[in-house]
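Analysis of the macromolecular model
One letter stands for each residue in the lines below.
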Amino acid sequence: MRTTPKYFLILAVMAGAAVVSASCASDGPSTGPARDDLRMVQANLKDAHDKYDWIGKYHTDGLAYVYSQLAKGGGKARTQKEMCGIAAKATKEFHKAQRHGDVPAGLVDPALVGNTCPSDDGGISSKTVLASGLTRKTDLSSGAVSLIDQITYLTSTATSRSALVDGVLNVESQAGYLSPDDAGAVIAVGSVALSSVDYWEANLDAWVALPGTMATAYSVSATAPTTGPRYGAGWWQYPVVKGLRKVLAADALAAARSVYASWYMGPIGWDAAAAASLFASATTAVALLF
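Residues numbered from 1 in each chain as written. Predicted model: local features only at pLDDT ≥ 70, side-chain atom pairs only at ≥ 80, totals over all residues. Heavy atoms only, no water.

Here helix α4 (residues 80-99) spans 28 Å end to end across 20 residues, near enough to the 28 Å set by a 1.5 Å rise per residue. Those residues of α4 not exposed but buried are Met83, Cys84, Gly85, Ala87, Ala88, Ala90, Thr91, Phe94 and His95. If you follow the buried residues of α4, they end up packed against α3 (54-70), α5 (110-114) and α10 (267-289). Taken from the residues just after α4, His100 is the one with a positive phi, measuring 60°. (Helix = DSSP H or I, 4+ residues; strand = E, 2+ residues; numbered from the N terminus. Expected span 1.5 Å × (residues − 1). Buried < 20%, exposed > 50% of the residue type's maximum accessible area, 1.4 Å probe, protein only. Contact = heavy atoms within 4.5 Å.)

If you want it as structure tokens, here you go:
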């Protein structure tokens, strides 16, 4: 999980840009209004991160708990169906412990409620929120939807860690110009995406080693890198790791669709988004590996 709040980087970049702009415009009109606007954007971003970055931590900690449950069983191989059931049960247990209540059943995949595997690949065949066919109960601005779609697109197409992380940070920086609620929706999805790549880069090895996985090891070649977080840019090109992008996409898209449909409901909507992304992450990984 990230140890440095990512909005510090965003605000530093924006502040630097503001200094340059003010210097270049010293002989022009007053820059007072521009500085006021920048302060407002920075405050908006900080507030959104303070309120919604918990979803990324929830996602990372939740995956660690789900893995601990999947790893039980004395090394006995289990079927994909059995693994999905364990992942669903673990997701609900973790959610209750962290959020002090049950997963909002009506706002998540019915497979989570029924302890079964999702009926498809997590919806990643439709890579945008609007393509999901969901109906909003209240408006989430077109600007917010566009930024969220950019994040989900990045998670399914990025070919390196830097491309994904830099892209998501850039999208998040634009959220500061939205209303506080809309900015929160973008930051929540970005938090899941960034926490997801951190988790899977650090822990994919352990999941591949679970009893019964059918994945081909990606570090068996004598020339394959074996160290570093996470093996350099080449790590993203191994077959199993290419499948990782499906997991990242499922995480972000599950969060995005829950946010899109239920963010207006307040805490229960955010709880649904967190649980949905955790379940999508675990079961998409199970589908790829078993």
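So, about the pattern of salt bridges. A complete count under the given rule lists 8 salt bridges for this structure. The salt bridge partner of Asp61 is Lys57, with a shortest N-O separation of 2.5 Å. Separated by 4 residues within a single helix, Asp61 and Lys57 lie in helix α3, roughly one turn from each other. Asp61 gets classed as partly exposed once you look at its relative accessible area, which sits at 28%. By relative accessible area, which is 43% here, Lys57 ends up partly exposed. Asp198 is paired through a salt bridge with Arg161; the nearest N and O atoms lie 2.7 Å apart. Separated by 37 residues along the polypeptide, Asp198 in helix α8 (residues 180-208) and Arg161 in helix α7 (residues 161-174) bring together distant segments of the chain. Note on Asp198: relative accessible area 12%, which makes it buried. (Salt bridge = Lys/Arg side-chain N within 4 Å of Asp/Glu carboxyl O.)

This part takes up the state of the cysteines. Evaluated as defined, the whole model comprises 1 disulfide. Residue Cys84 pairs covalently with Cys117 via a disulfide, S to S 2.1 Å. Between Cys84 and Cys117, the disulfide has an S-S torsion of 100° and is therefore right-handed. You can see Cys84 sitting in helix α4 and its partner Cys117 sitting in the loop between α5 and α6 (142-157), a full 33 residues away along the chain. (Disulfide = S-S within 2.5 Å.)

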